[in-house]
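# Structural characterization, general
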Amino acid sequence: MTIGEKIVIIGNGPAGTRAVETLCRAGCRDVTVISEAPASGGQIYRRQPPGFTRDAKTLYGDDSDKASRLHATFDALADDIASRSETLVWNILDQQIYTHGPGGIEILPFDRLVLATGAMDRVLPLPGWTLPGVFTLGGAQIALKHQCCAIGRAVVFVGTGPLLYLVAYQYAKAGANVVAVLDSARFADKARALPRLALAPRLLLRGLVYRRHLTQRGVPIHEGARPLAITGDAFVAGLRFRDAAGEEHTLICDAIGLGFGLNPELQLAELAGGRTVFDASKRQWLLEHDGEGRVADRIYVAGDGVAIGGADVAELAGERAALALLADLGKAADRSRLDEIGREMSRLAAFRTGLDRAFAYPASWIAEQPDETILCRCENVTFGDVRTAIRRHSPQEVNRLKALARSGMGRCQGRVCGAVLAELLAATSGRPLETVGRLRGQAPIKPLPYVAAANQAATAIHDWMTTDEVEPVP
Amino acid sequence: MAMTANRAGQFVRLGETSRAPVLIHIDGEAVPCLAGDTVLTALLLHGRQLRVSEFGDGPRAGFCNMGACQDCWVSLESGERRRACTTYVQAGQRVLTQERP
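Residues numbered from 1 in each chain as written. Chains lettered and ligands numbered in written order. Predicted model: local features only at pLDDT ≥ 70, side-chain atom pairs only at ≥ 80, totals over all residues.

### Some remarks on the overall build of chain B
- When you go through chain B residue by residue, the secondary structure sums to one helix and eight strands.
- Going from N to C terminus, chain B has its helices and strands arranged as β-β-β-α-β-β-β-β-β.
- In chain B, buried positions account for 43% of the 101 residues.
- Of all intrachain contacts in chain B linking residues separated by at least 6 positions in sequence, the fraction that spans at least 24 positions is 43%. (Helix = DSSP H or I, 4+ residues; strand = E, 2+ residues; numbered from the N terminus. Buried ≥ 20, exposed ≤ 12 C-beta atoms within 10 Å, placed from the backbone. Contact = placed C-beta atoms within 7 Å.)

### Points about the overall build of chain A
- Within chain A one finds 14 helices and 24 strands.
- For 474 residues, the compact-globule estimate of 2.2 N^0.38 gives 23 Å, and chain A sits close to it at 23 Å.
- Dimensions of chain A along its principal axes, counting C-alpha atoms only, are 75 × 55 × 45 Å.
- The burial tally for chain A puts 49% of its 474 residues in the buried class. (Rg over C-alpha atoms; globule rule 2.2 N^0.38 Å.)

### Some points on the sheet that holds strand β12 (residues 178-183) of chain A
All names here are of chain A.
- With parallel pairing, five strands are arranged side by side in an open sheet as β9-β17-β11-β12-β13. Unpaired on one side and paired on the other, β9 (134-136) and β13 (221-223) mark the two borders of the sheet. Recorded for the sheet is a direction-independent mean angle of 15 degrees between the axes of neighbouring strands.
- Inspection of the sheet shows strand β11 (residues 155-160) paired to strand β17 (residues 255-260) by six bridges, in the parallel sense. Across the sheet, the residue bridging to Val 158 is Leu 258, located in β17.
- Here helix α5 (residues 162-173) sits on the sheet and contacts β11, β12 and β17; the angle it forms with β12, its principal contact strand, is near 170 degrees. (Pairing = 2+ DSSP bridges. Axes fitted to C-alpha atoms, helices over the stretch in contact; angles between N-to-C directions.)

### A word on helix α10 (residues 335-358) of chain A
Residues and elements named next belong to chain A.
- Over its 24 residues, α10 runs 35 Å from end to end, which matches the ideal 34 Å to within 8%, given 1.5 Å per residue.
- Those residues of α10 that fall on the buried side of the exposure criterion are Phe 351, Arg 352, Gly 354, Leu 355, Asp 356 and Ala 358.
- For α10, the elements touching its buried residues are α5, α6 (187-197) and α7 (201-216). (Expected span 1.5 Å × (residues − 1).)

### Some words on helix α3 (residues 64-76) of chain A
Residue and element names in this part refer to chain A.
- An ideal rise of 1.5 Å per residue puts 18 Å on 13 residues; α3 measures up with 18 Å between its terminal C-alpha atoms.
- Every buried residue of α3 is listed here: Ala 67, Leu 70 and Phe 74. Projected down its long axis, α3 carries its buried residues within an arc of 70 degrees, all on one side. Turned more than 90 degrees off the buried face of α3, the exposed positions are Asp 65, Ala 72, Asp 75 and Ala 76.
- Buried residues along α3 sit against α1 (14-25) and α2 (56-60). (Arc of directions from axis to C-beta.)

### Some points on the confidence of the model for chain B
Residue and element names in this part refer to chain B.
- Averaged over every residue, the pLDDT of chain B is 90; residues scoring 70 or more account for 90%.
- Within chain B, the lowest mean pLDDT, 91, falls on strand β7 (residues 81-83), and the highest, 98, falls on helix α1 (residues 39-46).
- With pLDDT under 50 throughout, residues 1-6 is counted as low confidence; its partners more than four residues away or in other chains account for one contact. (pLDDT = per-residue confidence, 0-100.)

### A few points about the pairing of strand β3 (residues 29-34) of chain B
Residue and element names in this part refer to chain B.
- Sheet topology places strand β2 (residues 21-26) next to β3; six bridges connect them, and they run antiparallel. Bridge pairing links Ile 24 to Val 31 in β3.
- Where β2 folds back onto β3 in an antiparallel hairpin, the turn is made up of two residues, including Asp 27, whose phi is positive at roughly 50 degrees.

### So, the packing of α1(A) against α3(A)
All names here are of chain A.
- Between α1 and α3, the least distance of the axes is 10 Å, while the angle of their chain directions is 45 degrees. For the element pair α1 / α3, the angle class is oblique. Note on packing geometry: the crossing formed by α1 with α3 is left-handed. Of the residues in α3, those touching α1 at Pro 14, Thr 17 and Glu 21 are Leu 70, Thr 73 and Phe 74.
- Looking at side-chain class alone, the contact of α1 with α3 contains three nonpolar, two polar and one charged residues. (Parallel < 35°, antiparallel > 145°, perpendicular 65-115°, else oblique. Left-handed = near helix turned anticlockwise from the far one by under 90°. Nonpolar A, V, L, I, M, F, W, Y, C, P; charged D, E, K, R; others polar.)

### Quick notes on the environment of A:Arg377
Residues and elements named next belong to chain A.
- In this structure, Arg 377 sits in the loop between β23 (374-376) and β24 (381-382).
- Given 26 C-beta atoms within a 10 Å radius, Arg 377 is considered buried.
- Once the C-alpha coordinates of Arg 377 and Ser 407 are considered, the two residues, 30 residues apart in sequence, prove to be 8.6 Å apart.

### Side note on the interface of chain B and chain A
- Taken together, the 38 residues of chain B in the interface contact 46 residues of chain A.
- Among the elements of the structure, β1 (12-13) and β5 (59-60) of chain B are those that each provide at least two residues to the side of chain B that touches chain A.
- In the side of chain B that touches chain A, the residues fall into 14 nonpolar, 14 polar and ten charged.
- Examined bridge by bridge, strand β10 (residues 149-150) of chain A and β1(B) share two bridges and lie antiparallel to one another. When the bridges of β1(B) are listed, A:Ala150 appears paired with B:Val12.

See the structure below:
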């Protein structure tokens, strides 16, 4: 069976790749895959540039087989799809996507769209977090995986979540100097989460292996640690923290990897008509879908861009979204495969609730930040600036606060500070987090170079000036 | 590689050094890099900042390294701007890390 509808997939990580595979296998013949990266794999299975020679085992460790399989799957589809790499999708409107890539700005129509946009680190600001040498955990990992570099000569990893231990382990293994790991989560929380974590014994064991490896190398691991300030004038010089017993310490370091989990990249789905829903246990807004990835008419979503589930869940969700799309095209659904995916995803979802409990986001620290701490790093808006705006104007929701204080109005479009801003507004005004809303996605979702827009406009003006048809000026 | 203690870069190379050499200019200074380095990597192997915040809060050197946070935009001498973490070095690139007076 051949399917001629124009299908566009945005993202080619675990979710996007499995969606593409499923669609091509079912006979879709007009499939376009768009990605900001030069090669497939997403952030987790990100490939190194041409000319690098480390093998998959070195790059992806215990996940090397999964990574290699996913890369091979995408590469084998090269002849069946149109692939646009290093291309940003910056808007979706009226069944069209707006891109900016090597060829400038383009507008592509689609019949159906699969969004597999992934996630970025969830951060928590603290004094000094904008200093050179502070990177997200994901950013620190990319420096190593994609560039074979460490982010500094003496690195402290701070935050919580499985990525914290994974990146610290990868750094230590690659020969970097890991000074310490500071985990905001307490040991007791992890112990309580054990029954659920045991639902995925292999993943649980892997986390323990990373920790043991770090301990054996003499890397101190502090659980229940609270980072107080990153010190330094022009770059990172140290980190002050309080340990679980309440004692303060200062570590000498020149780089910090910081991250407290992940936030879904859901701006494009929102522009495409998707609705968000508040998850109280994660304190996050996620995409609302029908259980199979349908978020709006002809729009499907999968992976960490919907809700944080990790790479294994993303692969399954990518396949499931593609099956939903095929079912909507009238192709008989493979019920047994859907059931199988459903069962595996429920098991992994239960494991994920264990992770969320073991590595809870320390939201209460936000309201306790000093006034001087920078909240919006794009435009240097401090916690004090935001508190003043809240006091003066009593905004009821976070988009209003953004307009008043400019926090979230910068180049990152509130990706980094938006959730923090909402937490601060909720805590300061004594209201539940879900009532203050979330920053709306706006096009362009990432900045476009002015020259790209100018060229586009120049062409349009030239065409109009040189056209033979003369239309009356309205 | 000529590198004095006070001229040390932020990043440290841990391997993969047999790639083709590429020469770029950072603030007018010729800096040897390797093919496949991002501009962010090249700048941070050479120094400790990518730019100075236009909002008066000091130097910046990127943050997310995956094209999301937009902290690492740098200027080229030609006047264009590039996101350093998603741009790869090319022979002849001339990058500026400081605001011109």
